[in-house]
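# Examining the three-dimensional arrangement
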Amino acid sequence: MKLIREMPDLFRLVHFAPINSYFVREDDGLTLVDTNLPGRAAKIVETALRMELPIRRIVLTHAHMDHTGSLDALCEILPGAEVFIGARESRLLEQDLSVDRDEPQTKIKGRFQQVKTKPNLLDPGDHVGSLRALATPGHTPGHFCFFDERNGALLAGDAFQTAGGVAVAGDLRLLFPLPAIFTWNKPLALESARVLRELNPTCLATGHGRVVQLPLSKIDRAIRRAARNFR
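Okay, so let's go over this structure. (Residues numbered from 1 in each chain as written. Predicted model: local features only at pLDDT ≥ 70, side-chain atom pairs only at ≥ 80, totals over all residues. Heavy atoms only, no water.)

### Comments concerning the sheet that holds strand E9 (residues 131-135)
In spatial order, the strands read E8-E9-E10-E11-E14-E15; together these 6 strands make up an open sheet with mixed pairing. Looking at the sheet topology across the chains shown, the edges are occupied by strand E8 (127-128) and strand E15 (212-213). Pairing of E9 with strand E10 (residues 144-148) involves 5 bridges; the strand directions are antiparallel. Residue pairing across strands places Ala133 opposite Phe146, the latter belonging to E10. (Pairing = 2+ DSSP bridges. Helix = DSSP H or I, 4+ residues; strand = E, 2+ residues; numbered from the N terminus.)

### What to know about a nonpolar patch on the surface
Residues Leu172, Leu174, Leu178, Ile181 and Phe182 make up a contiguous nonpolar surface patch of roughly 470 Å² in combined accessible area. Turning to its location among the elements, Phe182 is positioned in the loop between helix H5 (178-181) and helix H6 (186-197). On the basis of relative accessible area, Phe182 is assigned to the partly exposed category, the value being 32%. (Patch = residues over 30% accessible without salt bridge, like charges linked within 9 Å, V, L, I, M, F, W, Y side chains within 5 Å. Areas by Shrake-Rupley, 256 points an atom, 1.4 Å probe, with all protein chains shown as cover. Salt bridge = Lys/Arg side-chain N within 4 Å of Asp/Glu carboxyl O. Buried < 20%, exposed > 50% of the residue type's maximum accessible area, 1.4 Å probe, protein only.)

### Re the state of the cysteines
Tallied over the full model, the rule gives 0 disulfides. You can see Cys203 has no disulfide; the closest cysteine sulfur is in Cys145, sitting 13 Å from it. For Cys203, a relative accessible area of 0% puts it in the buried group. (Disulfide = S-S within 2.5 Å.)

### What about the sheet that holds strand E2 (residues 10-14)?
The strands that make up a sheet pair up through hydrogen bonds in the backbone, lying either parallel or antiparallel. One open sheet holds the 7 strands; their spatial order is E1-E2-E3-E4-E5-E6-E7, and the pairing between them is mixed. The open sheet is flanked by strand E1 (2-7) and strand E7 (120-122), the only strands paired with a single partner. Within the sheet, the average angular offset between the axes of one strand and its neighbour, ignoring direction, is 25°. Bridge count between strand E5 (residues 55-59) and strand E6 (residues 82-86): 3 bridges; the pairing is parallel. By the bridge assignment for E6, Ile58 is matched with Val83. (Axes fitted to C-alpha atoms, helices over the stretch in contact; angles between N-to-C directions.)

### Focus: the environment of Lys107
Relative to the assigned elements, Lys107 resides in the loop between helix H4 (90-93) and E7. On a C-alpha basis, the gap between Lys107 and Val14 in space is 30 Å, while along the polypeptide they are 93 residues apart.

### Points about helix H1 (residues 41-51)
For an α-helix, 3.6 residues make a turn, and residues three or four places apart therefore share a direction. Within H1 the residues assigned to the buried category are Ala41, Ile44, Val45, Thr47, Ala48 and Met51. Along H1, the residues classed as buried sweep out an arc of 155° about the axis, all on the same side. Away from the buried face of H1 by more than 90 degrees, exposed residues Leu49 and Arg50 are located. Where H1 is buried, its residues contact E1, E2, strand E3 (20-26), strand E4 (29-33), E5 and helix H3 (71-77). Directly beyond the C-terminal end of H1, a positive phi value near 60° is found at Glu52. (Arc of directions from axis to C-beta. Contact = heavy atoms within 4.5 Å.)

### Digging into the packing of aromatic side chains
Under the criterion given, the structure shown has 1 aromatic pair. Ring centres of Phe144 and Phe146 lie 6.3 Å apart, and the angle between their planes is 50°; on these two criteria the pair is classed as tilted. According to the relative accessible area criterion, Phe144 is buried, its value standing at 5%. Take Phe146: its relative accessible area is 0%, and that puts it in the buried class. (Phe/Tyr/Trp six-rings, centres within 6.5 Å; stacked < 30°, edge-to-face > 60°.)

Dropping the structure here:
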């Protein structure tokens, strides 16, 4: 697993496919954002050992298998690590794909791996280390992004993608179409993208693709494109 330093306290972990996990460095060690596909746990832990920093926390942007696949294996290796996910999204970890009455009545898409781990549940505005939790429904009903208040880094999960070009969740990019194909509700995804843009992030770190520094102009173009395409 390749480790790329993107900012002083942000590191991207990527294997062969454009599927990212991230280490956020804190005073007491590392927070891991998303656990990648099944079979990546040992590589993630080995990477942390090379950095000589312990993994203290694991936080999940959403429940799709490419973000939660190595969760149980990591928790077996790291029994002391705290685990967090948004309260709404936690239902998807238990294979509950129902939608609430006040949510759009569209089918939840994608692959979800049932896990044994029982995460701590997050509400919007909660903090995990330096990361502020942000409710960003659209790609999934309970999708969360995380904003590093020290440096303005936005860990966006699949609310945006950069593989194939910067795009809002649900806006198809032919070079990497999967995030769009598995997006639950496009209007909510666009609304969440607009909320995230108002944070004025200094960098955009997504689940799929490279990290974009000073991303505002590209985010603005992605929002305009999605607004046209989602009509």
